[in-house]
Amino acid sequence: MFRPYRRTVQVAFFALMFAIPVLNMYENYTITGTYYALQVGGLEAADPAAILQAVFASGEFALPILSALLFPLLLALILGRVWCGWMCPYHLLSDGAFRLRTLFRAKLLGRHETEILAVPSPLKANFCRYAFLLGGTAAAGVIGIPVLNFVSAPGILSTEAMILVRQHALSIEFGFIATIILLELLFFPRFWCRLFCPTGACLSLIRAPFTLRILSNAKNPKARCCKEDACSAACPMGLAPYREGPDLLCTNCARCIDACSDGEGSKLLGFKGFFLS
Amino acid sequence: MTRLGLTFLENRLRPPGAVEEERFMALCIRCNRCLEVCPYGSIRRAGWGLTLGTPFVLPDSKACYLCMACTGLCPTGALDNELTDPDAVRMGRAKIDPDICYSHLFFDMDVVPEDAGDRIGALCNTCYNVCPLPNQAITLKNNLLPIVLEGCVGCGICVERCPTRPRRAINVLPAGMGKTDETGFHFRKARKHYEEVSVQGETDPKEALKGTDLLERKQKIDASAPATDFDFPYELGDETED
């Protein structure tokens, strides 16, 4: 089961948002920054979407920031888009909203079937988020301001945590997080990560043949391998993991592996990648 | 590149080492790292508009103490990472308002007149006493009158400590605020007028001295030098009529 590990990592990264400003208040600067850009013991790691914005807005490519891309891109290259499924603080909130929604649907409306997400086709969902990323980057280049940072959920959440710790207040940007989480709760579950998030869109582009991915061991990977289709029901990105594991939307969250069962204790779905063949 | 979000306000400064404002707005990814490491809590976060999330120092509540903790940490170079020398910071330049400054009032009115009201002159000199770079950024003329010098880095400690209320007698104009191409109506009008005149006259506007060149030439004019020989095609009488 991957779920306990994933939750531990998610909660750890959520707690880190609050721990960084606390450490900094006691003048311990081993870790500084927010999830827009972190510095851990001299090692830089920045949100690729934010860096893309800064490069386009300023028109400068020889920036010291390009080195800050190394670590996030290396992580994405080896482990795939794990930032989204395993680390992003917004994804944890989104998971919570989705669970609440499922609970309310079952308890209040008596509807137990798996919900169909907005824009069900993975192709269209990918198109939507890359159009958003491209449009935002173009806008940043035109007006000279990294505009997509105003809607970067992990960065905003991390900044709000810092403001909360330091100044015991919240800024106007918290309204944005509240709005998208309410929208996910009430109308469009999982819509932000699937259809818009610029950070996720950037990270999914970093792919190689050896990148960690979900693959099925079934003889015919194109066909559905069991009747239950539990993996498709579990997937937060609306994929059919038995055949769409390598899709750009996949976050390697391993929910499908947890859900997969052939009734005999072994699983057809599994990770394939850098360390695993 | 446009000038969106470029608003300069008195006593609203970018952190030390900030690049030129237009570039700063493009480079700053609002990660707020500078704000986090500031040990004095001097750096604030802009809360509205296009500058939302970018760092500012508001010296009338908390000035920058030039510890230089933030400059090296900026991940995008919106703050110059190489800058470690507080003397080389140029956040802005302080400006003294002689109508409010206690020392200036004292100097102007040796005996405080009856109609001065609450404008009390006094030997204050707080700005000089708190300045981290005394005699480099600010000096006392005749040991009495504070005068801001070229070395002022614009940290704003004088603003924070200035005793006059509600308005401070010393305020910092942020770097970039006084850019000549942004000064507005009168400058543009004067330039247009100059160009028109240059076209009508013999001077080619492209070759005419402008900006710093013109300023340099004007500064070289020396009143004590021998007078220039002018053509004066009139005869002067021996007597002058009163």
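Residues numbered from 1 in each chain as written. Chains lettered and ligands numbered in written order. Predicted model: local features only at pLDDT ≥ 70, side-chain atom pairs only at ≥ 80, totals over all residues.

Structural notes on the overall build of chain B
We apply this condition: Secondary structure elements are taken from DSSP: a helix is a run of H or I of four residues or more, a strand is a run of E of two residues or more, and numbering for both begins at the N terminus. Throughout, a pair of residues is in contact if the C-beta atoms placed from their backbones lie within 7 Å.
When helices and strands are tallied, chain B shows seven helices and six strands. Counted from the first residue to the last, chain B has its helices and strands arranged as α-α-β-β-β-α-α-β-β-α-β-α-α. Taking the contacts inside chain B whose residues are at least 6 apart along the sequence as the reference set, 59% of them involve residues at least 24 apart.

Considerations on the overall build of chain A
Basically, it comes down to this: Every radius of gyration here is taken over C-alpha atoms, with the globule rule written as 2.2 Å times N^0.38, N being the number of residues. Buried means a residue has 20 or more other C-beta atoms within 10 Å of its own C-beta, exposed means 12 or fewer, and partly exposed covers the counts in between; C-beta atoms are placed from the backbone.
The number of helices and strands found in chain A is 13 helices and five strands. The C-alpha atoms of chain A give a radius of gyration of 19 Å, which matches the 19 Å a tight globule of 277 residues would have. Buried residues in chain A amount to 43% of all 277 residues. Intrachain contacts of chain A at a sequence separation of at least 6 include 69% that bridge at least 24 residues.

Here we look at unusual backbone geometry
Here Arg165(B) and Pro166(B) are connected by a cis peptide whose omega angle stands at 0°. Tracing the backbone shows Pro166(B) in the loop between helix 5 (157-161) and strand 6 (170-174). Residues other than glycine seldom take positive phi values, yet His168(A) does so here, at roughly 50°. Position of His168(A) among the secondary structure elements: in the loop between helix 7 (153-167) and helix 8 (174-186). One non-glycine residue, Asn143(B), lies in positive phi territory at about 55°. Tracing the backbone through its elements, the reader meets Asn143(B) in the loop between strand 4 (138-141) and strand 5 (145-148). According to the C-beta neighbour criterion, Asn143(B) is exposed, with 9 such atoms within 10 Å.

Describing the interface of chain A and chain B
Stated precisely, the cut-off is as follows: Residues are grouped as follows: Ala, Val, Leu, Ile, Met, Phe, Trp, Tyr, Cys and Pro are nonpolar; Asp, Glu, Lys and Arg are charged; all remaining types, including Gly, are polar.
Taken together, the contact pairs 31 residues of chain A with 28 residues of chain B. Residue assignment for the side of chain A that touches chain B shows that the elements contributing at least two residues are helix 1 (3-25), strand 1 (31-34), strand 2 (37-40), strand 3 (43-46), helix 2 (48-58) and helix 7 of chain A. The greatest single-element share of the side of chain A that touches chain B, amounting to five residues, is contributed by helix 2 of chain A. Per-class residue counts for the side of chain A that touches chain B are 18 nonpolar, eleven polar and two charged.

Here we look at the environment of Pro120(A)
Residue and element names in this part refer to chain A. With respect to the helices, strands and loops of the structure, Pro120 is situated in the loop between helix 5 (89-109) and helix 6 (122-143). For Pro120, a count of 9 C-beta atoms within 10 Å corresponds to the exposed category. Expressed as a C-alpha distance, the spacing of Pro120 and Gly238, which sit 118 residues apart in the sequence, is 6.5 Å.

With respect to the packing of helix 2 of chain A against helix 6 of chain A
Residues and elements named next belong to chain A. For clarity, the cut-off: Where helices are involved, their axes are fitted lines through C-alpha atoms of the stretch in contact, as for all axes, and angles between N-to-C directions lie from 0 to 180°. Left-handed is the label given to a crossing in which the near helix is rotated counterclockwise from the far helix by less than a right angle, and right-handed is the label when the rotation is clockwise.
The geometry of helix 2 relative to helix 6 is characterised by a closest axis approach of 7 Å and an angle of 35° between their N-to-C directions. Crossing geometry of helix 2 relative to helix 6 is assigned as right-handed. Packed against helix 2, whose contacting residues are Leu52, Gln53, Phe56 and Ala57, the element helix 6 presents Thr137, Ala140 and Gly141 at the interface. Its residues placed into classes, the contact of helix 2 with helix 6 shows four nonpolar, three polar and no charged.

Remarks on the sheet that holds strand 2 of chain A
Residues and elements named next belong to chain A. Under the convention used in this document: Between any two strands, pairing holds if DSSP finds at least two bridges.
The sheet built from three strands is open, its strands ordered 1-2-3 with antiparallel pairing. Each of the sheet's edge strands pairs with one partner strand only, and the pair in question is strand 1 and strand 3. Strand-to-strand twist across the sheet, computed as the mean angle between neighbouring axes with direction ignored, equals 10°. With four bridges connecting them, strand 1 and strand 2 associate as antiparallel partners.

Things to note about the domain arrangement of chain A
Residue and element names in this part refer to chain A. Put simply, the rule reads: An automatic or database domain assignment is the source of the domain bounds shown.
When its domains are assigned, chain A resolves into domain 1 (3-206) and domain 2 (213-277). For domain 1 versus domain 2, the separation of C-alpha centres amounts to 25 Å. If you look at the interface, domain 1 gives 20 residues, while domain 2 gives 17 residues. Elements with a minimum of two residues in the side of domain 1 that touches domain 2: helix 1, helix 3 (70-79), helix 4 (82-87) and helix 6. With four residues, the single largest contributor to the side of domain 1 that touches domain 2 is helix 4. Its residues placed into classes, the side of domain 1 that touches domain 2 shows ten nonpolar, five polar and five charged.

With respect to the pairing of strand 5 of chain B
All names here are of chain B. Judged from the four bridges that link them, strand 4 and strand 5 form a sheet pairing that is antiparallel. Pairing of Lys141 across the sheet is with Leu145, part of strand 5. Linking strand 4 to strand 5, which pair antiparallel, is a turn of three residues; within it Asn142 sits at a positive phi near 55°.

What about the pairing of strand 2 of chain A?
Residue and element names in this part refer to chain A. Taken together, strand 1 and the strand that follows it, strand 2, pair antiparallel across an intervening segment of two residues. Here strand 2 runs beside strand 3; their pairing, made up of four bridges, is antiparallel. Looking at the pairing, Gln39 lines up with Glu44 of strand 3. Here strand 2 folds back onto strand 3 in antiparallel fashion, the turn holding two residues, of which Gly41 has a positive phi close to 50°.

Side note on the packing of helix 7 of chain A against helix 8 of chain A
When two helices pack together, their arrangement is given by the angle between the helix axes and by the axis-to-axis distance. Residues and elements named next belong to chain A. This is how it is decided: Each angle gets one of four labels, with under 35 degrees taken as roughly parallel, over 145 as roughly antiparallel, 65 to 115 as roughly perpendicular, and the rest as oblique.
Direction vectors running N to C along helix 7 and helix 8 enclose 125°, while the axes themselves pass 9 Å from each other. By the angle between their directions, the pair helix 7 and helix 8 is classed as oblique. Helix-helix and strand crossings are classified by hand; for helix 7 and helix 8 the assignment is left-handed. Residue-level contacts link Ala153, Ile156, Leu157 and Glu160 of helix 7 to Phe174, Phe176, Ile177 and Ile180 of helix 8.

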